[in-house]
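Chain residues, written in single-letter form:
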Amino acid sequence: MAETTSPTSDVADLSGDSSGLHRIVTDLTTAARPRYQFRPGPANSRLAAAVLREGRLRPTSDLLADLFTVRPDDGRTRFLPKERLLSDDEKALAVAAFERAVRAGDMTSGPQIEQFEAALAGHLGLPEVIATSSGTHALVIALLAVGVGAGDEVIIPANSFAATENAVLAINAVPVLADVRSDFTLDPADVATRITDRTAAILPVHLYGKLADMPALADLARGHGLALVEDACQAIGVTGVGAHSDAVALSLNPFKNVGLCGKAGAVVTRGAELAARCRVLAYHGFAVGRKNVKTADFGFNARIDNTLAVIGLDLLPLAHVNGLRRTWLAQRYREALAPLAEQGMLGLPEFTSDHGWHLFAIQVLDGPSRDGLRDWLAEHARVETDVFYPVLTHRQHTPLRNTAFADVRLPVTEQLHERVLHLPLHQHLTLAEQDRTMEGLYAAFRAHR
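Procedures and definitions
Residues numbered from 1 in each chain as written. Predicted model: local features only at pLDDT ≥ 70, side-chain atom pairs only at ≥ 80, totals over all residues. Heavy atoms only, no water. 1 Å grid on protein atoms, 1.4 Å probe; cavity = no way out; pocket = protein on both sides within 12 Å on 5 of 7 lines; lining within 4 Å. Points joined across faces, edges and corners; volume = space filled by probe spheres on them. Helix = DSSP H or I, 4+ residues; strand = E, 2+ residues; numbered from the N terminus. Nonpolar A, V, L, I, M, F, W, Y, C, P; charged D, E, K, R; others polar. Buried < 20%, exposed > 50% of the residue type's maximum accessible area, 1.4 Å probe, protein only. Pairing = 2+ DSSP bridges. Salt bridge = Lys/Arg side-chain N within 4 Å of Asp/Glu carboxyl O.

Q: Explain empty space enclosed by the protein to me, and be specific about the residues and the numbers.
A: Using the criterion set out here, one finds two cavities of 30 Å³ or more in the structure. Looking at the largest cavity, its volume works out to about 170 Å³. Lining the largest cavity are 19 residues, with L21, I236, G237, A319 and G323 sitting closest to its centre. Residue assignment for the lining of the largest cavity shows that the elements contributing at least two residues are α1 (18-30) and α12 (319-342). With six residues, the top contributor of residues to the lining of the largest cavity is α12. Across the lining of the largest cavity, the residue classes break down as five nonpolar, twelve polar and two charged. Empty space within the second largest cavity amounts to approximately 60 Å³. Lining the second largest cavity are N159, F184, Y208, F388, Y389, L392, T413, L416, H417 and V420. Per element, the largest residue contribution to the lining of the second largest cavity is three residues, and it comes from helix α14 (residues 411-419). In terms of residue class, the lining of the second largest cavity is made up of seven nonpolar, three polar and no charged.

Q: Can you lay out the pairing of strand β12 (residues 265-269) for me, pointing to particular residues and giving the numbers?
A: With five of five residues buried, β12 lies mostly within the body of the structure. Side-chain alternation along β12 places G265, V267 and T269 on one buried face and A266 and V268 on a second face that is also buried. One ladder, built from five bridges, connects strand β6 (residues 128-132) with β12; its direction is antiparallel. Bridging across to β12, T132 finds its partner in G265. In this sheet, β12 lies alongside strand β11 (residues 247-251) in antiparallel orientation, the contact comprising four bridges. Bridge pairing links V248 to V268 in β12.

Q: Summarise the pattern of salt bridges; cite the residues concerned and give the values.
A: For the coordinates displayed, the defined rule picks out 24 salt bridges. Where D213 meets R181, a salt bridge forms, and the shortest distance between an N and an O atom there is 3.4 Å. With D213 in the loop between β9 (199-202) and α9 (214-224) and R181 in the loop between β8 (174-177) and α8 (188-194), this pair connects stretches of sequence that are 32 residues apart. Of the residues examined, D213 reaches a relative accessible area of 23% and is grouped as partly exposed. By relative accessible area, R181 is classed as partly exposed at 28%. Three or more residues joined by partner-sharing salt bridges are found here, namely R181, D183, K210, D213 and D354.

Okay, structure coming up:
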């Protein structure tokens, strides 16, 4: 789904994946006004309507005025206000969709599940989608479908949400922790040192929306005969997801970039046979299309509810416009905070085309401690920040800490974890709220000189 530009014209052929959104934001910041041609699809149509005027990129000020509506400001910036996960228009769409499903009686099973799967497949540019009841279930089903079993080792990072390790543990497999690079994603070189004759799969996480080094990990997997499953629960819409792996797990819960009105997820794959196994596993082991007729020993009650699928069909077309908002905010953070990075105060994520900007992670390098900065921002600037995730996998107070993880040393992961702080970033964050966050950071570092 990456963008292309014809050598004989100035027309850029775009989709709304992360590389296309990166191109749009880059053009906005450089005052370029190329002609764009968007590929077919409801989300691309919405994006085209938002950004184009007579086929060319609209003036930056006009576009931003539409993308970032002004709302009453109470003098504080909250990290992720749950009542603003959806806009008022999105809430109205979701309520109307839910009412249709309820009135039709299609609340658990129903025809919109397959319609939503087809729509999501088109949105992602990948052929097979199995919509599930959560991203965690998507991970479990994907691992089982690629052949991971009891006692097999699966290599994962230690800085992800607990669902990553839990999916491995749920099928009685063994999580093996590998270190990460400075971008918070699995380091292929360290992964190579963790492979044993018991390793069955590599499970990279596109943490905060940043794509891991999938070509290098795919080379490792192929060279050792391993399965490769992506935890892309924070990276829906990122260019390259699904291009190198056997299967991808997505999350569609309300806190994600594309969120529904309840817990939901999906397994995505290019393989028809693998997709068929996932469909059986997702619904009690039943033969596809034959309820109560089993074709596998077991399966889960893990299909998405039809009510959420109906809502998803109406919300999915808004995904690219929301992604553009996130990408603009990320670029705006990068540009405004660059002086602090140049002074060695902060480490900032690179503004790259393979990032979906689920979270904006900075590193606190000098001045106040990470926790001291967080407290100062809350008290003096009324800015709420967070740390995702506060406890690394091998430092959780569970029995595994003293058994499987007793000798684990992950120097890069551990250093990053001590420094990382997440700034507010969601698709309905206002520019005024972001300005308050950035002004608060500058004030905090001045106060600690």
